[in-house]
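Analysis of the macromolecular model
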Amino acid sequence: MHDCLSSSQSEIIAHDLAVVDAHIQGEARDPSGVMSLYTDDIVLESPLRGLFLADKDAIEANYVSMFGAMTDVEIVPLDRFATETRVVDDCIVRFTLSGSGFYRAPAPVGSRVEIRLVHVFQMRDGLIARETVHEAWKILV
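Keep in mind that this is a model prediction, so the values were computed, not measured. (Residues numbered from 1 in each chain as written. Predicted model: local features only at pLDDT ≥ 70, side-chain atom pairs only at ≥ 80, totals over all residues. Heavy atoms only, no water.)

Moving on: the pattern of salt bridges. By the definition in use, this model includes ten salt bridges. One salt bridge connects Asp 89 with Arg 80, and the closest N-O pair in it is separated by 2.7 Å. The shortest N-O distance in the salt bridge between Arg 116 and Asp 90 comes to 2.7 Å. Note that Arg 116 is positioned in strand β5 (residues 112-124) and Asp 90 in strand β4 (residues 86-97), a separation of 26 residues in sequence. You can call Asp 90 buried: its relative accessible area is 14%. Beyond isolated ion pairs, a larger network of salt bridges with shared partners links Glu 74, Arg 94, Glu 114 and Lys 138. (Salt bridge = Lys/Arg side-chain N within 4 Å of Asp/Glu carboxyl O. Helix = DSSP H or I, 4+ residues; strand = E, 2+ residues; numbered from the N terminus. Buried < 20%, exposed > 50% of the residue type's maximum accessible area, 1.4 Å probe, protein only.)

Shown next as structure tokens:
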């Protein structure tokens, strides 16, 4: 089967991929800066850890706290693809859990961990409307 996209569909997909890339690249360095990539009714959910946030201020505070509890971060991109309404990002992240700011982390502080992360971003009007983060944690040491 051959998929043919119109140029407008291709432009939407390329834009959505760029928005998600900016989010992934910036969320740790500049949490307040990535808030402009979200719709006003954004929802962020991480089902494994029971995290559900529906407010930009709460999401920004979560990022500040979470990334403040991580050191020696290594990201291994695996795959990223999109449709006109969704972007899926699959990667492996390794880090040392260096503080208690990672909400309901299933590993003790001081652990070196590896997480398989699959983000599913629902896109609307060129912005992220919902971010669902599926996590599979492994303690390395």
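Moving on, we come to the nonpolar core. Residues Ile 59, Tyr 63, Phe 95 and Phe 102 are the most contacted members of the largest nonpolar core, which totals 31 residues. Elements with a contribution of two residues or more to this core: α1 (7-26), β1 (38-46), β2 (51-53), α3 (56-67), β4, β5 and β6 (127-139). (Core = buried A, V, L, I, M, F, W, Y, C linked by side-chain atoms within 4.5 Å.)

Counting across every chain of the model gives four aromatic pairs. Centroid distance Tyr 63 to Phe 67: 5.9 Å. Interplanar angle 45°. Geometry classified as tilted. Of the two residues, Tyr 63 and Phe 67 are both situated in helix α3; the distance of four residues between them amounts to about one turn of the helix. The exposure class assigned to Tyr 63 is buried, which follows from its relative accessible area of 2%. On the numbers, 5.8 Å between centres and 10° between planes, the contact of Phe 95 with Phe 102 is stacked. Phe 102 matches Phe 95 in its accessibility class, with the two residues each being buried. Put simply, the rings of Phe 95, Phe 102 and Trp 137 touch in pairs and so form one group of aromatic residues. (Phe/Tyr/Trp six-rings, centres within 6.5 Å; stacked < 30°, edge-to-face > 60°.)

Next up on the list: the environment of Asp 89. Its place among the elements puts Asp 89 in strand β4. Judged by its relative accessible area of 4%, Asp 89 is buried. Between the alpha carbons of Asp 89 and Val 118 there is a distance of 5.7 Å; along the sequence they are 29 residues apart. Those residues in contact with Asp 89 that lie beyond four places of it in its chain are Ile 24, Asp 79, Arg 80, Leu 117, Val 118, His 119 and Phe 121. In terms of polar contacts, Asp 89 uses its side chain to reach the side chain of Arg 80, at 2.7 Å. (Contact = heavy atoms within 4.5 Å. Polar contact = N/O pair within 3.5 Å; in protein donor to acceptor, adjacent residues only side chain to side chain.)

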